[in-house]
Amino acid sequence: MSDQEAWDELHAEQFEKVAADCDRMAKEWAAKHCIEGYQMAAQILIQKEVYRRMAYSMRQPRYVREERERFEAEESNGQSN
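Residues numbered from 1 in each chain as written. Predicted model: local features only at pLDDT ≥ 70, side-chain atom pairs only at ≥ 80, totals over all residues. Heavy atoms only, no water.

Student: Would you mind going over the overall build of the protein chain with me for this structure?
Tutor: Helix and strand content of the protein chain: 2 helices and 0 strands. Compactness check: the protein chain gives a C-alpha radius of gyration of 19 Å against a globular reference of 12 Å for 81 residues, more than 25% above the reference. Burial statistics for the protein chain: of 81 residues in total, 17% are counted as buried. Residue pairs at least 24 apart in sequence account for 61% of intrachain contacts in the protein chain once pairs closer than 6 positions are excluded. Just so you have it, the protein chain exposes about 6,200 Å², and 55% of that area is on carbon and sulfur atoms. Computing the positive centroid from 12 side-chain charges and the negative centroid from 17, the protein chain places the two 6 Å apart. (Helix = DSSP H or I, 4+ residues; strand = E, 2+ residues; numbered from the N terminus. Rg over C-alpha atoms; globule rule 2.2 N^0.38 Å. Buried < 20%, exposed > 50% of the residue type's maximum accessible area, 1.4 Å probe, protein only. Contact = heavy atoms within 4.5 Å. Areas by Shrake-Rupley, 256 points an atom, 1.4 Å probe, with all protein chains shown as cover. Lys, Arg positive; Asp, Glu negative; His and termini not counted. Charge placed at Lys NZ, Arg CZ, Asp CG, Glu CD.)

Structure, rendered in structure tokens:
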């Protein structure tokens, strides 16, 4: 793993932790069983999705590289058979 990939992974992990915190907070707000609580829970869940996507985007270059390497390996195995 390159230094950039390690840095990106660190950020992705941090984003996932924030997303988990958002999930916990949304449940706490929803447990209040009031309109304001449900509205706040909905807003927090939107933030959770934002952080989840940010985590994915930090890992995306690695995912693309791994998929390309897998595809190239399959292609070279297919040509040698």
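And the narrative resumes.
Student: Is there a simple way to explain the environment of methionine 1 in this structure?
Tutor: Inspection of the secondary structure puts methionine 1 in the segment before helix H1 (3–30). In this structure methionine 1 comes out as exposed when scored by relative accessible area, which is 68%. Every residue in contact with methionine 1, bar those within four places of it in the chain, is listed here: Ala6 and Arg62.

Student: What should I look at first to understand the side chain of arginine 62 in this one?
Tutor: Locating arginine 62 in the fold gives a position in helix H2 (residues 35–80). Judged by its relative accessible area of 16%, arginine 62 is buried. A distance of 2.8 Å separates a polar atom in the side chain of arginine 62 from a polar atom in the side chain of glutamate 9. Ignoring anything within four residues of it in the chain, the contact list for arginine 62 reads Met1, Glu5 and Glu9. (Polar contact = N/O pair within 3.5 Å; in protein donor to acceptor, adjacent residues only side chain to side chain.)

Student: Teacher, can you tell me more about the state of the cysteines here?
Tutor: Defined simply, a disulfide is a covalent bond joining two cysteines at their sulfur atoms. Applying the stated criterion across every chain yields a total of 0 disulfides. With no disulfide of its own, cysteine 22 lies closest to cysteine 34 among cysteine sulfurs, the gap being 19 Å. (Disulfide = S-S within 2.5 Å.)

Student: Please clarify how the pattern of salt bridges should be interpreted in this entry.
Tutor: Tallied over the full model, the rule gives 14 salt bridges. For glutamate 5, the salt bridge is made with arginine 65, and the minimal N-O distance between the two is 2.5 Å. Placement of the pair is glutamate 5 in helix H1 and arginine 65 in helix H2, with a sequence separation of 60 residues. Look at glutamate 5 and you get buried, because its relative accessible area is 15%. (Salt bridge = Lys/Arg side-chain N within 4 Å of Asp/Glu carboxyl O.)

Student: How should the packing of aromatic side chains be read in this particular structure?
Tutor: The description of an aromatic ring pair rests on the distance of the ring centres and on the angle between the ring planes. One pass over the structure, following the stated rule, counts 2 aromatic pairs. Judged by centre distance (5.4 Å) and plane angle (40°), the ring pair of tyrosine 56 and tyrosine 63 falls under tilted. The class of tyrosine 56 is partly exposed, set by a relative accessible area of 44%. Over the face of the ring belonging to tryptophan 29 we find lysine 32, whose NZ or CZ atom lies 4.6 Å from the ring centre. (Phe/Tyr/Trp six-rings, centres within 6.5 Å; stacked < 30°, edge-to-face > 60°. Lys NZ or Arg CZ within 6 Å of the ring centre and 35° of its normal.)

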